[in-house]
Amino acid sequence: MLEMLRGKRMLFVGDSLNRAQYVSLLCLLHRAMPEGSSSFETVDALSIFRAKAYDATIEFYWAPLLAESNADDGVEHQLNDRVIRGAPMDRHSRFWKGADVLVFNSYLWWMTGDKIQILRGADNDMSKDIVEMGAEEAYRLVLHQVVRWLDGNVDPKKSRVFFVTASPTHASGQLWGDEAEGSNCHAQTKPIADASYWGSTSRAMLRVTGEVLGASARVPVGVVNVTQMSEYRRDAHTQVYREQWAPPTKEQLADPKSYADCTHWCLPGVPDAWNELLYWKLFFPANDQAL
């Protein structure tokens, strides 16, 4: 893979799940690189890993909703009322230009409610011209914008584009038959064995993804479908074993499941498997339908 990336730029664009896949890939590739032949830096929303021996960069750009939004700050983005800009998306997309491999994702941040607030026009005044739109409709709008940007800015003969599907959460044990009050991913040590299991992931949003990206004729978008395979892994989340922004309270320590992270994944872990799929799609595009 490093040889394939020689002299090239690979860019991940999306949310913290996409960033986890990015970090996973860096860890996987780092083992094959000479000692001291890499560097890493983060400037605002952009993180850059340089594989110096290969004249290659692998980057991550924070844009959880892909469109411009009030959640674009790389650190201060925990907001109750999220507002996105319907158009344009120049502030983000200027960082995407020139990438040889683009890997997008966007799902989780759309699932905070039935409605999304849309700021129309180029004015930054958040009190002006805000309309509400259904989450699915707004998601479709933004994905169409991404496709239009790809059509106008990407040469399909030189660049590859991928979209990683929804990453499932495991915040409710009742979905897999655990009736204990408040049960979730905490203390789970085995995957879900039921092959037909499907949790809370929105099939409607997945359908929007398939419909919009499938219609991208000029610049094909390879869909990396990680959703079903990840649905089973209730045991693979970071739970309480993650960096805490604030020390847990006595009440939380007495009930660890109350602050268990059932969204993000341990590394090594599930995102490594996502990168295996991405690897196959990069090297064997003729077999895309089988994946």
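Cut-off values and rules
- Every chain begins its residue count from 1, and numbering advances along the sequence as written.
- Restriction of local features to residues with pLDDT of at least 70 applies here, the model being predicted, together with a cutoff of 80 or more for giving and counting side-chain atom pairs; totals for whole chains, interfaces and linings are based on all residues.
- Working from all heavy atoms in the structure, the side-chain values ignore hydrogens and water.
- UniProt positions are given in the numbering used here, feature names are shortened, and annotations may be inferred rather than shown by experiment.
- Cavities and pockets were defined on a 1 Å grid built from protein atoms only: a cavity is a group of points that admits a 1.4 Å probe but offers it no way out, a pocket is an open group of points flanked by protein on both sides within 12 Å along at least five of seven lines, and a lining residue is one with an atom within 4 Å of any such point.
- Grid points are joined across faces, edges and corners, and a volume is the space filled by probe spheres set on the points.
- Two cysteine sulfurs form a disulfide in these notes if their separation is within 2.5 Å.
- Only runs of H or I of at least four residues qualify as helices and only runs of E of at least two qualify as strands under DSSP, and these elements are numbered from the N terminus.
- Only protein chains enter the calculation, and the probe is 1.4 Å; a residue is then buried if its accessible area is under 20% of its type maximum, exposed if over 50%, and partly exposed in between.
- When a carboxyl oxygen of Asp or Glu lies within 4 Å of a side-chain nitrogen of Lys or Arg, that pair is called a salt bridge.

As recorded in an unreviewed UniProt entry, the chain goes by Trichome birefringence-like C-terminal domain-containing protein and comes from Aegilops tauschii subsp. strangulata. The heading Sequence similarities (unreviewed entry) in the UniProt record of the chain holds the text "Belongs to the PC-esterase family. TBL subfamily."

J.: Sorry, what's going on with the layout of surface pockets here?
T.: Where empty space is left becomes clear once a probe the size of a water molecule has been rolled over the atoms. In this structure, the second largest pocket occupies an estimated 220 Å³ of space. Lining the second largest pocket are 13 residues, with Asp44, Ala45, Tyr61, Asp72 and Phe95 sitting closest to its centre.

J.: I would appreciate a short explanation of the state of the cysteines in the present structure.
T.: Every disulfide links exactly two cysteines, by a covalent bond between their sulfur atoms. Here the structure, examined in full by the defined rule, presents one disulfide. The partner cysteine of Cys185 in its disulfide is Cys262, sulfur to sulfur 2.1 Å. What sets the handedness of the Cys185 and Cys262 disulfide is the S-S torsion sign, and at about -85° it is left-handed. Highlighted residues: Cys185 in the loop between strand 9 (160–164) and helix 4 (203–214) and Cys262 in strand 12 (residues 261–265), separated in sequence by 77 residues. Assigned by exposure class, Cys185 and Cys262 land together as buried. We note that Cys27 lacks a disulfide partner, and the nearest cysteine sulfur, in Cys266, lies 13 Å from it. Overall, Cys27 belongs to the partly exposed group, its relative accessible area being 47%.

J.: Even after reading the chapter, I still don't get the pattern of salt bridges, so can you show me in this structure?
T.: Side chains that differ in charge, positive against negative, can pair when their charged atoms come close. Evaluation of the coordinates by the stated rule reveals nine salt bridges. Its salt-bridge partner being Arg50, residue Glu41 comes within 2.7 Å of it at the nearest N-O pair. With a shortest N-O distance of 2.9 Å, Lys257 and Asp255 are connected by a salt bridge. For Asp255, a relative accessible area of 30% puts it in the partly exposed group.

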